[in-house]
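Residue-level structure breakdown
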Amino acid sequence: MLPVPSSYASSTPRPCTLPVAAGDSLRISVVIPTIRGPDLLCRCLAAVLAQGLDHRTYEVIVVDAGDTAASQTVVDSFGNRADAPVVRLVRLRQGHGAAAARNAGWRAGYGKVIAFTDDDTVPDADWLAHGERALVPGLIALCGRVSTASCAENTAAARPANSAPQAPAADAAVFVTANAFVRRSALLTVGGFDERFQEAGLEDADLQFRLLRDAGPLGHSNAPVVRRPERPERWDGCLREQRNAYFDALLYKKHPRLYRERILRSPPWIHYRIVALTLAAPALWAVDIGGSAAVSLLLALIGVAHLAIERLRHTARTPEHVAEMLLTSALIPFLSVYWRLRGAIHFRVLFL
């Protein structure tokens, strides 16, 4: 039996059922961090417990980093069925973020394979079976497919202005922990996720790079599918997401070559140009070079317009959305540069 670290507390609806009843038949631990609320968790758990595998071959570990009472209620509602896998709740006591939650989950599990997903996904009924089958000997980890294609309204032309366009990024990702299968032995080799990545989004890339370097080859398969229906997003969601650039500096510091090859080939120069030209305008005006100040500001506005046009390529073009894109495109460069440079200073790395 693997010990649960002292920094986490576990609540199990059926105490001791897992190690006694499951025995050697248990093969997979499904880890689901949750912070978005009980409704999404209910939907995800219903899909995970509807897997075609024998329920004795896998367990489900929910890691709560938010409303523990609500999560406990949901887990209890799913955890007392004789024909279902054991569902346990792990409360996150210290540390925070997706990396810490996933570490708490896999360390509390018993399976030789850890299947990671998120609470806002809906795994297909054969998700675990396909993932286990695709994780052939020789592979230490595998990434499946995250899709929103099942939603008929999720086309580029019809996407509402306030929805989060997650499908392109998720489908293009090489390794995404919303749908990943990793051997426990490989996680032990690399020490799990780096908990310095406190925002979700780059901790999976860091794990991928360290697995490749220290553990062995990774694979990709389109057979294990989880679906992530688009959810309503506040208009300023893209602004709040710029904080993630803070952790780009850490990922670059740890894996500079792979970062440039697989994450971002060059710095977002358009952001730096817009910021530099905007800041130059009042400075030029102050020294009585009004013409140059006007040109500088005009070039910055052209840069903002170009950025907005690029962002509008795959979304709706309603007047409200166009206005929203223009506003956010004027703010994104400043937030992006601020967080990137702040991350560079904090993690002490030459990074733009």
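Residues numbered from 1 in each chain as written. Predicted model: local features only at pLDDT ≥ 70, side-chain atom pairs only at ≥ 80, totals over all residues. Heavy atoms only, no water.

1. Focus: the overall build of the protein
For the protein, the count of helices and strands is 14 helices and 9 strands. Here the protein holds 352 residues, and the buried ones make up 50% of them. Once local pairs closer than 6 in sequence are excluded, the contacts in the protein between residues at least 24 apart make up 81%. In the form shown here, the protein has an accessible surface area of approximately 16,400 Å², with 60% of it arising from carbon and sulfur atoms. (Helix = DSSP H or I, 4+ residues; strand = E, 2+ residues; numbered from the N terminus. Buried < 20%, exposed > 50% of the residue type's maximum accessible area, 1.4 Å probe, protein only. Contact = heavy atoms within 4.5 Å. Areas by Shrake-Rupley, 256 points an atom, 1.4 Å probe, with all protein chains shown as cover.)

2. Looking at the pairing of strand β9 (residues 218-227)
Sheet topology note: the strand β6 (residues 122-123)/β9 ladder contains 2 bridges and is antiparallel. Looking at β9, one finds that proline 123 is bridged to valine 226. For strand β7 (residues 141-147) and β9, the ladder comprises 6 bridges, and the chain directions are parallel. From the neighbouring strand, leucine 142 faces β9, where its bridge partner is glycine 219. (Pairing = 2+ DSSP bridges.)

3. So, unusual backbone geometry
The general pattern is negative phi for most residues beyond glycine and trans for most peptide bonds. In this model, arginine 348 sits at a positive phi of 55°, which is unusual for a non-glycine residue. Residue position: arginine 348 is located in the segment after α14 (319-347). Given the relative accessible area of 74%, arginine 348 is considered exposed.

4. Topic: helix α12 (residues 269-286)
Across its 18 residues, α12 extends 26 Å between first and last C-alpha, which sits within 8% of the 26 Å expected from 1.5 Å per residue. Those residues of α12 that sit buried are His271, Tyr272, Ile274, Val275 and Ala281. On its buried face, α12 sits against α13 (290-311) and α14. Backbone geometry just downstream of α12 places aspartate 288 in the positive-phi region, at approximately 65°. (Expected span 1.5 Å × (residues − 1).)

5. Side note on the packing of aromatic side chains
Tallying each qualifying case throughout the model produces 12 aromatic pairs. On the basis of an interplanar angle of 50° and a centroid distance of 5.4 Å, the ring pair of tryptophan 127 and phenylalanine 181 is categorised as tilted. Of this pair, tryptophan 127 sits in helix α5 (residues 127-134) while phenylalanine 181 sits in strand β8 (residues 179-183), and the two are 54 residues apart along the sequence. Accessibility expressed as a relative area gives 0% for phenylalanine 181, which makes it buried. On the numbers, 5.0 Å between centres and 85° between planes, the contact of tyrosine 246 with phenylalanine 247 is edge-to-face. Classification of tyrosine 246 by relative accessible area gives buried; the value is 10%. Ring pairs connect the aromatic residues Phe197, Tyr246, Phe247, Tyr338, Trp339 and Phe347, which therefore count as one cluster. The side chain of arginine 102 reaches across the aromatic face of phenylalanine 193, ending 6.0 Å from its centre. Just above the ring of tyrosine 246 sits the side chain of arginine 243; from NZ or CZ to the centre is 5.9 Å. (Phe/Tyr/Trp six-rings, centres within 6.5 Å; stacked < 30°, edge-to-face > 60°. Lys NZ or Arg CZ within 6 Å of the ring centre and 35° of its normal.)

6. A closer look at the environment of alanine 305
Relative to the assigned elements, alanine 305 resides in helix α13. The exposure class assigned to alanine 305 is partly exposed, which follows from its relative accessible area of 30%. For alanine 305 and leucine 326, which are 21 residues apart along the polypeptide, the C-alpha to C-alpha distance reads 6.8 Å.

7. Considering the pattern of salt bridges
Counted according to the given criterion, the structure contains 16 salt bridges. Across the salt bridge formed by aspartate 124 and arginine 227, the nearest N and O atoms sit 3.1 Å from each other. Placement of the pair is aspartate 124 in the loop between β6 and α5 and arginine 227 in strand β9, with a sequence separation of 103 residues. Through salt bridges with shared partners, a single network forms among Arg102, Asp118, Asp120, Glu203 and Arg228. (Salt bridge = Lys/Arg side-chain N within 4 Å of Asp/Glu carboxyl O.)

8. Thoughts on the nonpolar core
One finds Val30, Leu45, Val48, Val60, Leu128 and Leu211 to be the most contacted residues of the largest nonpolar core, which totals 57 residues. Top element by residues in this core is helix α4 (residues 98-108). It accounts for 6 residues. (Core = buried A, V, L, I, M, F, W, Y, C linked by side-chain atoms within 4.5 Å.)

9. Quick notes on the confidence of the model for the protein
Per-chain confidence: the protein averages 83 in pLDDT, with 84% of residues scoring 70 or above. Element-level mean pLDDT values for the protein span from 35 in helix α6 (residues 167-172) up to 97 in strand β5 (residues 113-117). Considering only residues more than four positions removed or in separate chains, one finds that residues 1-22, a stretch of pLDDT under 50, has 55 contacts. Across residues 150-173, confidence stays below pLDDT 50; counting only partners more than four residues off in sequence or on other chains, it has 40 contacts. (pLDDT = per-residue confidence, 0-100.)

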